[in-house]
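Chains, contacts and geometry: an overview
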Amino acid sequence: MNGELVAWEDAKVHVLTHALHYGTGVFEGIRAYETPRGTAIFRHTDHVERLFRSAGMYLMDIPYTREELRAATHETIVRNSLRSCYIRPLVYRGAGPMGLYPLDSPVEVAIAVWEWGAYLGDEGKQRGVRGKVSSFRRISSDSVIPAAKATGQYVNSVLAKIEVSKAGYEEAILLDDRGMVCEGSGENLFVVKDGLIATPGFSADILGGINRASVITIARDLGYEVVERDVARGELYLADEIFMTGTAAELTPLREVDDRPVGTGEPGEITRTLSGAFHDALYGRSDRYAEWLDVVESPAHTT
Ligand SMILES: Cc1ncc(COP(=O)(O)O)c(C=O)c1O
């Protein structure tokens, strides 16, 4: 926290932290995997870059360089002897003048790491999860900045997640303000129909997912056609396959949407092929995407 290694139980903030009241923070979700080359952070540079972009969109100057944040993340992983983990960098407005004008409050930085298994469950990753379109629409560029990964904006995902969880579903799908498909509460979404892959683009107010970009690259490298375009809700019911991507959920198929089976009701061939290639990249089994891995020099993997 702010340049110091702090014990888990001491990692606290003041109750008048600006971000706690007004959501004035930006963050990242990153994962490190145990690979043959040691613990490696997937697309670390891209995540740090998105963090700086998000901060910039909220006019926050991060008081560290990209390289300092990278080194601090490595050190935090090593000091916690983790071989694989989830990484949560958080840049937030700390305690300062109250009121809505944030620019006189300090910009604070914390990086937390912990072990975190499959967000939507191992079984969900294998068999697919049940999704439901939420009645809460995705935040729009009219009111906030959907392209930024900002803490306050996540009340939108939280409301959608609560709604569908209480109704008995595993993940929420949010439509944008036009009623077109946007994304999951914490994942981007892909539909497959007749061998073609489509995913909503930035005009649908998505968060530009790093795993989304990775899967697009992998799919094209494998010879599939991927188009970024508007996806209508009805296409979810017509799709042969649907899957979601995100750091927490990795690649998770949808087996049902709104109680309608997706395709055969089991993950389809393209989903399984992409999932295999994607997980090979995550776990360092793929030479082709080796440059996506930021290897942590850790004694943990040699012991
Ligand atoms: C709202 C939302 N959309 C999409 C994503 C997927 O982004 P990424 O693949 O960079 O984790 C996330 C997760 O960070 C998210 O919270």
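Above this note sits the structure.
In this text, all values refer to a predicted model and were calculated from it rather than measured experimentally.

Rules used in this analysis
- Residues numbered from 1 in each chain as written.
- Predicted model: local features only at pLDDT ≥ 70, side-chain atom pairs only at ≥ 80, totals over all residues.
- Heavy atoms only, no water.
- Buried < 20%, exposed > 50% of the residue type's maximum accessible area, 1.4 Å probe, protein only.
- Helix = DSSP H or I, 4+ residues; strand = E, 2+ residues; numbered from the N terminus.
- Pairing = 2+ DSSP bridges.
- Right-handed = clockwise from strand over helix to strand, strands pointing away.
- Polar contact = N/O pair within 3.5 Å; in protein donor to acceptor, adjacent residues only side chain to side chain.
- Contact = heavy atoms within 4.5 Å.
- Expected span 1.5 Å × (residues − 1).
- Phe/Tyr/Trp six-rings, centres within 6.5 Å; stacked < 30°, edge-to-face > 60°.
- Lys NZ or Arg CZ within 6 Å of the ring centre and 35° of its normal.

On to the pairing of strand S6 (residues 129-133), then. Two faces make up the sheet, and in a regular strand the side chains alternate between them. Alternating residues of S6 divide into Val129, Gly131 and Val133, all buried, and Arg130 and Lys132, none buried. Bridge count for S6 against strand S13 (residues 250-257) is 3 bridges, and the pairing is parallel. Paired with Gly131 across the two strands is Val257, which belongs to S13. By the bridge criterion, 3 bridges tie S6 to strand S7 (residues 171-175) in an arrangement that is parallel. Each residue of the ladder has a partner; that of Val133, found in S7, is Ile173. Taken together, S6, helix H5 (residues 155-166) and S7 form a β-α-β motif whose crossover is right-handed.

Among the structural elements, Thr199 can be located in strand S10 (residues 196-199). A polar atom in the side chain of Thr199 sits 2.6 Å from the backbone oxygen of Leu189. Beyond its immediate sequence surroundings of up to four residues, Thr199 is in contact with Leu189, Phe190, Arg212, Ile216, Val227, Glu228, Arg229 and Val231.

Another point: helix H6 (residues 210-221). Given a rise of 1.5 Å per residue, 12 residues ought to cover 16 Å, and the 17 Å separating the end C-alpha atoms of H6 matches this to within 8%. Of the residues trailing H6, Gly223 is marked for its positive phi of about 95 degrees.

This next bit is on the packing of aromatic side chains. This model, assessed by the stated rule, comprises 10 aromatic pairs. Judged by centre distance (5.7 Å) and plane angle (90 degrees), the ring pair of Phe42 and Trp292 falls under edge-to-face. Linking Phe42 in strand S3 (residues 38-42) with Trp292 in the loop between helix H8 (269-282) and strand S15 (293-295), this pair joins segments that are 250 residues apart in sequence. Across the pair, Trp292 and Phe42 agree in class, each one buried. With 5.1 Å between their ring centres and 45 degrees between their planes, Tyr86 and Trp114 make a pair best called tilted. Note that Tyr86 is positioned in strand S4 (residues 85-93) and Trp114 in strand S5 (residues 107-114), a separation of 28 residues in sequence. Given the relative accessible area of 4%, Tyr86 is considered buried. Ring pairing ties together the aromatic residues Phe42, Phe278, Tyr289 and Trp292, which thus form one cluster. Of note, Arg66 hangs over the ring of Phe52, and the distance from its end group to the ring centre comes to 4.2 Å. The cationic tip of Arg260 hangs over the ring face of Tyr237; the distance from NZ or CZ to the ring centre is 4.5 Å.

From the geometry alone we can't say anything about function, so treat these as descriptive.
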